Amino acid sequence: MEDDLPTEGPLISQDAFGSAMKREFLKLPTAWTSGLQLFFHVAFVCLSVVVFVLCELLEERRAECTSLLRGVDSTTVVVLTKVALWVVSYMHQLYMEYHHTTAKRRGYLHFYQQTRVIIPLPLLMQTFGNLFVLLLLVLTAVLEGVKKQLSVYLLLGVLSLELLLSVIFLLSYIVKVVRFNTEKLGPDINQEDTFHTYLSSGGHAHTETGFRDGSGLEEVVEKQADLIEHLKQHNTVLSKRMLTLIAQQIRD
């Protein structure tokens, strides 16, 4: 039995093992890309305000604006630009989901759970914004009959509200990612408090017998799958530490 133990070669102390785990930490590169997306969104709304003011609200500038846009309607320009921004945001969301799934596989389940809800929110706000913009375009004739330029003011209001909510969600996400990159903590299996908190939240996530809808069942199944993966990683680390201690005792 003693021959099977890995007694040859240098032993790995617990401190050395922790240092090795810390060296394996990989920063998430999504903070600066989220900042870039935020910049694009702010720039889009600012330019949209300028276009609408010059081309729609100031009658004396309409001819100059039409010439500058080469005859293209100002609303068309704003809508097409908004669609392009939505496509960019969609691609960025896929990029964020990829890196967060990678972090989850590396054992950062608690951080994954903290950010998984925030990630889709900026794109969701833009999607709702697109729906309201489409509705306003359909009702333009009706709104103009109520009050002149009412559709333009409502359109600017939708864009501003969408920007405000997106800024809140993106800044919240950026803060979490920057804090995660700064702390450079090891996987959850090396943090006893985080590990036990995660286990407790998973163990008491559903106390009722049966499920009222399919979404509850899917949530519990996903949580259990995360816990199984988490326990596998924890088992591996404990096995390595146990073998190291046994090898140290044999050599002593």
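Above: the structure in question.
This structure is a prediction, so every number in the text was calculated from the model and none was measured.

## Let's talk about a nonpolar patch on the surface
Thought 1: On the surface, L124, F128, L131, F132, L134, L135, L137, V138, L139, V142 and V146 cluster together into a nonpolar patch covering about 1,000 Å² of accessible area.
Thought 2: With eight residues, helix α6 (residues 121-138) is the largest single contributor of residues to the nonpolar patch.

## Some remarks on helix α4 (residues 74-105)
Thought 1: Under the 1.5 Å per step criterion, the end-to-end length of α4 is 47 Å for 32 residues, consistent within 8% with the ideal 46 Å.
Thought 2: N-capping of α4 is provided by D73, with a side-chain oxygen placed 3.2 Å from the backbone N of T75.
Thought 3: Downstream of α4 by a residue or two, G107 has a phi angle that is positive, lying close to 105 degrees.

## Here's the deal with the packing of aromatic side chains
Thought 1: For the structure shown, the criterion picks out four aromatic pairs.
Thought 2: Relative to Y90, the ring of W86 lies with its centre 5.7 Å away and its plane at 0 degrees, an arrangement referred to as stacked. Residue W86 and its partner Y90 are both found in helix α4; the two are separated by four residues, about one turn of the helix.
Thought 3: What makes Y90 partly exposed here is its relative accessible area of 36%.
Thought 4: Between Y108 and F180, the aromatic rings sit 5.1 Å apart at their centres with planes inclined by 90 degrees, giving edge-to-face as the arrangement. On the criterion of sequence distance, the pair formed by Y108 in the loop between α4 and α5 (109-115) and F180 in helix α8 (residues 150-183) is long-range, its members being 72 residues apart.
Thought 5: Here Y108 falls in the buried class, since its relative accessible area comes to 6%.
Thought 6: Ring pairing ties together the aromatic residues Y108, F111 and F180, which thus form one cluster.

The rules behind these values
Residues numbered from 1 in each chain as written. Predicted model: local features only at pLDDT ≥ 70, side-chain atom pairs only at ≥ 80, totals over all residues. Heavy atoms only, no water. Patch = residues over 30% accessible without salt bridge, like charges linked within 9 Å, V, L, I, M, F, W, Y side chains within 5 Å. Areas by Shrake-Rupley, 256 points an atom, 1.4 Å probe, with all protein chains shown as cover. Salt bridge = Lys/Arg side-chain N within 4 Å of Asp/Glu carboxyl O. Helix = DSSP H or I, 4+ residues; strand = E, 2+ residues; numbered from the N terminus. Expected span 1.5 Å × (residues − 1). Polar contact = N/O pair within 3.5 Å; in protein donor to acceptor, adjacent residues only side chain to side chain. Phe/Tyr/Trp six-rings, centres within 6.5 Å; stacked < 30°, edge-to-face > 60°. Buried < 20%, exposed > 50% of the residue type's maximum accessible area, 1.4 Å probe, protein only.

From the geometry alone we can't say anything about function, so treat these as descriptive.
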